[in-house]
Amino acid sequence: MSIARYRAMLIGNALYLRDPVGLPRLRGPGADVAALYEALTDPAVGLFDPDGVEALLDRPAQELHERLERFFIEEATRDDTLLLYYSGHGKIDLNGRLHLCALDSQTSRLHSTSLRYAADIEALIDQSPARSIVTVIDSCHSGAFRGDVAVTATGRGRCVMASAGADQLVRDEVRPDGPSPFTAAFADGLRLAESSGHLTTQELYHYIERDLRSAGVSRPQFRFDGEGSITLARRDTARAPEEPIAAGTPELRPAGLVETPEPAPADFEFPAARDQVSDLLRRSLRAALDEPDEEDEVPATAYLFFLRAGPLDERWCAEVLTAMPRGELKEAAVEGYVQGLAALDGDLPPHLTALFKERPFGMTARIAAARGLGEDRSRLATDLLGSAREEIEHVGGDRFELRGLTTLLIALLSAHDPRFAAMVDPEAFPPQLLSATRTAFPERERWYANLVAGLRRALRKVPAASRAETAAETGVRLAPLLPTVALEFLAPDDDLLPDGAFDGETVHDLAAAAAAIHRKHPALAYRLLKVAGRRTDGDTDPDDMLGALLIQFEHSDPADSKLHDLLLHEVELLVTESDGVGFWLVQHHAETLSSTLPWISERLFQLDPDDSRTISSIEEACQRAATVDVEAARRMASAAERMAVSIPKRKARNRAKVGVVRAYAAFSLSDALRVAAGMHQGDNWISVALQYAATIIGKRAPEQIDALIAGLPATENPDRFLSSVVQGIAEADPHRALELVPRLGDPVDRSAALVEVVKALAPSAPGAAADIARSIEDPYYRGQALRKAAICLAATEPAAAEAAARQIPDDPSTLDHKIIVLASLAGRLKSPKRILAVLSEAERLLDMLPDDEMAKAEAARSVGEVHAVFDPAKAARLFASAERYARAIEDDHEYYRSAQLADLMIAWAAVAPARSEDLARRIPTDWTRFDSHVEDAGLAMAHLDPRRAERMLHLMQDEGRRVQASSRLAEKLSRTSTARAERIAMSLPHGRTKALTLLTVAEALCSSTPPP
């Protein structure tokens, strides 16, 4: 059974770009649409949900045709009540038929450039399944709607209202920037017209007719065919109509976007919501407190919530904090709330003073406020931290008070010593906090001693039942900065605390603490790693522990070989338990460490059983290691060479040897040449390897370029390898490559080398690059080079860029380059005249393209994307052509066909979302970039067709990515369609993403009013 809905499409057209004389600009349509939108969705009287009202301002005729077909046919159901409104120029033709004008209408071509009321609109109304349809026309000659087409009611009825007779003109606006007399009366009538029940179209018309008669303006027209009446507004004295009801019920949501049920209540009572903003915050907080898979993240999410929610509704958040029981959650909430309010301009709210004094979170609140205050209010931040000095002596035996004191100690150390500042989280300890700490605690040694003593005293006051856990947390936090002090807490009797004391610490923090105390107490460090390692037997992923250990190498002392041996031992044990992700982690860190600890990189590379993955990583690692330890780099490159030689298939073996050549090129030209010479000369792999090697040598050892050229492998064509070398050198030193080009005898080789010179030179010297490009002999390569130069010139010298683009040869092999460059250039130009001239040239060339479907598809799409901004109808024709070409790409190139169709899917989204969705359903879902392109298309059509955008995102295959994309869609819509954005946010799974998305909607609601 379908659900009854009220839906409206409001069209306002004030601009007429193609016929400004015959169709002068109007001032009222924008205000007309705004006034009617507000009346239809007025919470007191409206039956139309804001999501069910679509406002279209200044749109071309083709787009309006498509939107109307979707409105009346594709999205309509039997039980809908539909309202179509138009405000703009109305024209009648020689046969007396009414035409409603659009952005691109021309009085000389009304039939093809406007909406014909009888042939277009009434034809759609006749086919619509909706039982009740109301058409409202506010234009000159609007009474000509009667025409020759008779309307036969197929259900409740068809109603038409018009602002004037067929031969009458109407006023544009009542007052400057206000609605027309007719629309003003229509909107007022929806709110004020009297009715014995809900307001019907007949009752509304009588109100409008009386109102306009008293004002002395043209008499409106009315026609109704059908049974009974159509209800348009609610009256509080009457029962709600049984059908249709307002849109927005869950059944209307696209599949996969049904609102998820409320999570279980928190262990405290939420205060009641007072308005829409606090209701959004209430639901956001519920989502934040329910993260079933990431319970450890709940406090962090609560911190982010209160950081943003406090400035939106300070009072409601304060009530939540009052009701919230003491614990990790409240501490995070207080911290975020205070920091968020402190970031606002003006004085701190008076009630924060109570929070600063309240135990056990007073110290945390002061630090949070100092963190939130900007540098321009450093005096206030200093005073806040200064008041904390008095509390050091009086800190009680509560873990939260110790936590605040520990944070203050870390801030003190970081404020006075850049080494410590580099080790802490810059978001937790930003510059303004450190500056205020330095001023409030100028005597580092004195306050350091006081704070450490305060921590010792406070720990002795902690109840015995929780003392071990509090000591563990304090020691783990202090270990990276103060390992000696940390040991007092981690091993009070020279023996590590019980394993259970560390249950609240993450494996990353435990690994960092173990690495920090290793020099002071190796045995305790080893035991701490074992405590962290045992987590992998439970809920902790082995890869989390593996990542935690690998990070410690980066923070370690290069001379601490004992720590390195300990960490390597643990890594070797864990990597055998890991899945493929663990090996990728090892490879990543092996590459990273190659510039500081190459001997560790060498050991890590040996752990991965995948030779091809290892060779690929060793290429980069050798180049980094060569600057630190040539022998370690040599051992890694030799290992890679042994792996490559053992690969049985020649193609794969040669590909691997290219990586080996790159590895050797960083430190041994002779070895690089030796490996290259041993590759099969019938393949192109030697040229590829030599080009890579030349780039590396050109950057690292340019003095060896002559030796490289002299040592090239012998071949029948002496230019073959020299050309590759010159191209490789061009990337590193284009001027040196330019000197070598004359040594190439073959004009094609010279041209190919000069292209690489232009590519390297163009970003920094586009003019010089363009001059070189013009000198290239081969037309294909000349076109490539001019394309690169023109694109680089476009940002700063559009005239020179256009000249370079036009000099690309009209050769079949370069036409697509020329078209794409011209299209790109047109998108950057400011003069409409120049834009149209460049686009015209690009369109002329489209017809000259050879039979290459891929090139044709890309070129047509590129031109269409620029037209989409100026002429959506023309863009649609170009996209349709591009789509035909893309579909014709042969099955042997299925990947490229999918790529072209996916790019078109995104392009269509901006002008015809229905075509975009159709393409999305035709592209294979196993195509590697399917989800990313569908997401881009969905977001691109968000404001044009938000319903379809939701459906698009539901096509995405990866659930996690789909959730994030839906969140971005809600955020994008939050300023234009708050109700829809809220509904999308509520459909997300409970947790941080849902909570923060609802917060974004609340922020949009506070910062702006819903636009028409």
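This is a predicted model, so every value here is computed, not measured. (Residues numbered from 1 in each chain as written. Predicted model: local features only at pLDDT ≥ 70, side-chain atom pairs only at ≥ 80, totals over all residues. Heavy atoms only, no water.)

Caption draft 1: Structural detail: the sheet that holds strand β4 (residues 90-92). Ordered by their spatial adjacency, 3 strands build an open sheet running β4-β5-β6, and the pairing between neighbours is antiparallel. If you trace the sheet from one side to the other, it starts and ends with β4 and β6 (114-116), each paired once. Neighbour-to-neighbour, the strand axes of the sheet open up by a mean angle of 35 degrees, direction not taken into account. Bridge analysis of β4 against strand β5 (residues 98-101) gives 3 bridges, and the strand direction is antiparallel. Residue pairing for β5: Gly90 is matched across the bridge by Leu100. Docked against the sheet, helix α4 (residues 117-127) engages β5 and β6, running at close to 70 degrees with respect to β6. (Pairing = 2+ DSSP bridges. Helix = DSSP H or I, 4+ residues; strand = E, 2+ residues; numbered from the N terminus. Axes fitted to C-alpha atoms, helices over the stretch in contact; angles between N-to-C directions. Contact = heavy atoms within 4.5 Å.)

Caption draft 2: Spatial organisation of the packing of aromatic side chains. Within the structure shown, the criterion is met by 11 aromatic pairs. Note on Tyr6 and Phe48: the rings are 5.1 Å apart at their centroids and 70 degrees apart in plane angle, and the pair reads as edge-to-face. Remark: Phe48 occurs in the loop between α1 (29-40) and β2 (53-57) and Tyr6 occurs in strand β1 (residues 6-12); sequence separation between them is 42 residues. Classification of Tyr6 by relative accessible area gives buried; the value is 1%. Seen from the ring of Phe420, Arg419 lies directly overhead, with NZ or CZ sitting 5.8 Å from the centre. It is Arg662 that lies over the ring of Tyr692; its NZ or CZ is 4.7 Å from the centre. (Phe/Tyr/Trp six-rings, centres within 6.5 Å; stacked < 30°, edge-to-face > 60°. Buried < 20%, exposed > 50% of the residue type's maximum accessible area, 1.4 Å probe, protein only. Lys NZ or Arg CZ within 6 Å of the ring centre and 35° of its normal.)

Caption draft 3: Quick look at a negative patch on the surface. A cluster of acidic side chains, namely Asp852, Glu853, Glu890 and Asp892, defines a negative patch on the protein surface. Relative to the helices and strands, Glu890 resides in the loop between α41 (872-887) and α42 (894-909). (Patch = residues over 30% accessible without salt bridge, like charges linked within 9 Å, V, L, I, M, F, W, Y side chains within 5 Å. Areas by Shrake-Rupley, 256 points an atom, 1.4 Å probe, with all protein chains shown as cover. Salt bridge = Lys/Arg side-chain N within 4 Å of Asp/Glu carboxyl O. Lys, Arg positive; Asp, Glu negative; His and termini not counted. Charge placed at Lys NZ, Arg CZ, Asp CG, Glu CD.)

Caption draft 4: Representation of the pairing of strand β7 (residues 132-138) in the model. Counted residue by residue, β7 has 7 buried out of 7 residues, so it is predominantly covered. Where strand β3 (residues 81-87) and β7 come together, 7 bridges link them in parallel fashion. Of the residues in β7, the one forming a bridge with Tyr85 is Val136. Pairing geometry for β7 and strand β8 (residues 157-162), over 6 bridges, is parallel. Bridge pairing in β8 links Val134 to Cys159.

Caption draft 5: Looking closely at the packing of α41 against α42. In contact at an axis separation of 9 Å, α41 and α42 are set at 165 degrees when each is read in the N-to-C sense. Taken together, the axes of α41 and α42 are roughly antiparallel relative to one another. For the crossing formed where α41 meets α42, the hand is left-handed. Counted together, Ala876, Phe879, Ala880, Ala882, Glu883, Ala886 and Arg887 of α41 and Arg897, Gln900, Leu901, Leu904, Ala907 and Trp908 of α42 form the full contact between these two elements. Across the contact of α41 with α42, the residue classes break down as 9 nonpolar, 1 polar and 3 charged. (Parallel < 35°, antiparallel > 145°, perpendicular 65-115°, else oblique. Left-handed = near helix turned anticlockwise from the far one by under 90°. Nonpolar A, V, L, I, M, F, W, Y, C, P; charged D, E, K, R; others polar.)

Caption draft 6: Spotlight on the nonpolar core. Counting residues in hydrophobic clusters, the biggest one holds 258 residues, and the most contacted among them are Phe306, Val338 and Phe502. If you tally residues by element for this core, the top one is helix α14 (residues 399-416), at 10 residues. Phe502 has contacts with Ala472, Val476, Leu490, Leu496, Leu497, Leu510, Leu528, Val531 and Arg535, leaving out every residue within four places of it along the chain. By size, the runner-up hydrophobic cluster in this structure holds 34 residues, among which are Leu36, Leu40, Val136 and Phe224. (Core = buried A, V, L, I, M, F, W, Y, C linked by side-chain atoms within 4.5 Å.)

Caption draft 7: Just the packing of helix α43 (residues 913-922) against helix α45 (residues 946-954), in detail. The interhelical angle for the contact between α43 and α45, taken along N-to-C directions, is 10 degrees, at an axis separation of 10 Å. As far as their axial angle goes, α45 and α43 are roughly parallel. Seen from α43, the contacting residues are Pro913, Ala914, Ser916, Glu917 and Ala920; seen from α45, they are Arg948, Arg951 and Met952. Taken together, the residues of the contact of α43 with α45 sort by class into 4 nonpolar, 1 polar and 3 charged.

Caption draft 8: Molecular detail of the pairing of β1. Burial analysis of β1 places 7 of its 7 residues in the buried class, the great majority of the element. In this structure, β1 lies alongside β3, joined through 7 bridges in parallel fashion. Opposite Ile11, over in β3, you have Tyr86 as the bridge partner. Where β1 and β2 come together, 5 bridges link them in parallel fashion. The residue of β2 that forms the bridge with Gly12 is Leu57. Since β1 and β2 lie parallel, the crossover through α1 that links them has a hand, and here it is right-handed. (Right-handed = clockwise from strand over helix to strand, strands pointing away.)

Caption draft 9: Inspection of the sheet that holds strand β10 (residues 221-226) at higher detail. In spatial order, the strands read β2-β1-β3-β7-β8-β10; together these 6 strands make up an open sheet with mixed pairing. Sheet topology places β2 and β10 at the edges, where each strand pairs with a single neighbour. The mean inter-strand angle of the sheet, taken between neighbouring strand axes irrespective of direction, is 10 degrees. Set on the sheet, helix α5 (residues 181-192) makes contact with β3, β7 and β8; between it and β7 the angle comes to about 145 degrees.

Caption draft 10: Inspection of helix α30 (residues 685-700) at higher detail. The end-to-end C-alpha distance of α30 is 23 Å, a good match for the 22 Å that 16 residues give at a rise of 1.5 Å each. Here α30 has its buried residues at Ile686, Ser687, Ala689, Leu690, Ala693, Ala694, Thr695, Ile696, Ile697 and Gly698. For α30, the secondary structure elements touched by its buried residues are α26 (611-625), α28 (650-665), α29 (669-677), α31 (705-710) and α32 (718-732). (Expected span 1.5 Å × (residues − 1).)

Caption draft 11: View of helix α47 (residues 978-986). Counting buried residues in α47 gives 8 out of 9 residues, a clear majority hidden from the surface. Listed as buried for α47 are Thr978, Arg980, Ala981, Glu982, Arg983, Ile984, Ala985 and Met986. Among the structural elements, α7 (276-288), α45, α46 (959-973) and α48 (992-1007) are those in contact with the buried residues of α47.

Caption draft 12: Spatial organisation of the side chain of His89. You can see His89 is positioned in the loop between β3 and β4. What makes His89 buried here is its relative accessible area of 11%. Excluding anything up to four places from it in sequence, His89 contacts Tyr16, Leu23, Pro24, Leu26, His99, Leu100, Cys101 and Ser139.

Caption draft 13: Up close: the environment of Glu194. Its location among the elements puts Glu194 in the loop between α5 and β9 (199-200). Along the chain, Glu194 and Ser114 lie 80 residues apart, while their C-alpha atoms are 37 Å from each other. In this structure Glu194 touches Leu199 and Glu203, once residues within four positions along its chain are discounted.

Caption draft 14: Representation of the state of the cysteines within the structure. As enumerated under the stated definition, the model contains 0 disulfides in all. Looking at the unpaired Cys140, the closest cysteine sulfur is the one in Cys101, lying at 10.0 Å. Here Cys317 stays unpaired: no disulfide links it, and the sulfur of Cys1006, its closest cysteine neighbor, is 11 Å away. (Disulfide = S-S within 2.5 Å.)

Caption draft 15: Examining the side chain of Thr231 more closely. Structurally, the position occupied by Thr231 is in strand β11 (residues 231-233). In this structure Thr231 touches Tyr6, Leu47, His198, Leu199 and Thr200, once residues within four positions along its chain are discounted.

Caption draft 16: Structural detail: unusual backbone geometry. Residue Arg359 is joined to Pro360 through a cis peptide bond whose omega torsion reads 10 degrees. Mapped onto the elements of the fold, Pro360 is located in the loop between α11 (352-357) and α12 (362-372). In the Ramachandran plot, Asp58 falls in the positive-phi region, its phi being about 50 degrees despite a non-glycine side chain. Tracing the chain through its elements places Asp58 in the loop between β2 and α2 (61-74). On the accessibility criterion, Asp58 (24% relative accessible area) is partly exposed.

Caption draft 17: Structural context of the pattern of salt bridges. The full count for this structure, using the stated rule, is 69 salt bridges. Here Arg366 and Glu391 are joined by a salt bridge, their closest N and O atoms 4.0 Å apart. Taken together, the residues Arg366 in helix α12 and Glu391 in the loop between α13 (378-389) and α14 connect sequence positions 25 residues apart. On the basis of relative accessible area, Arg366 is assigned to the buried category, the value being 6%.

Everything listed here is a matter of geometry and, on its own, says nothing about what the molecule does.
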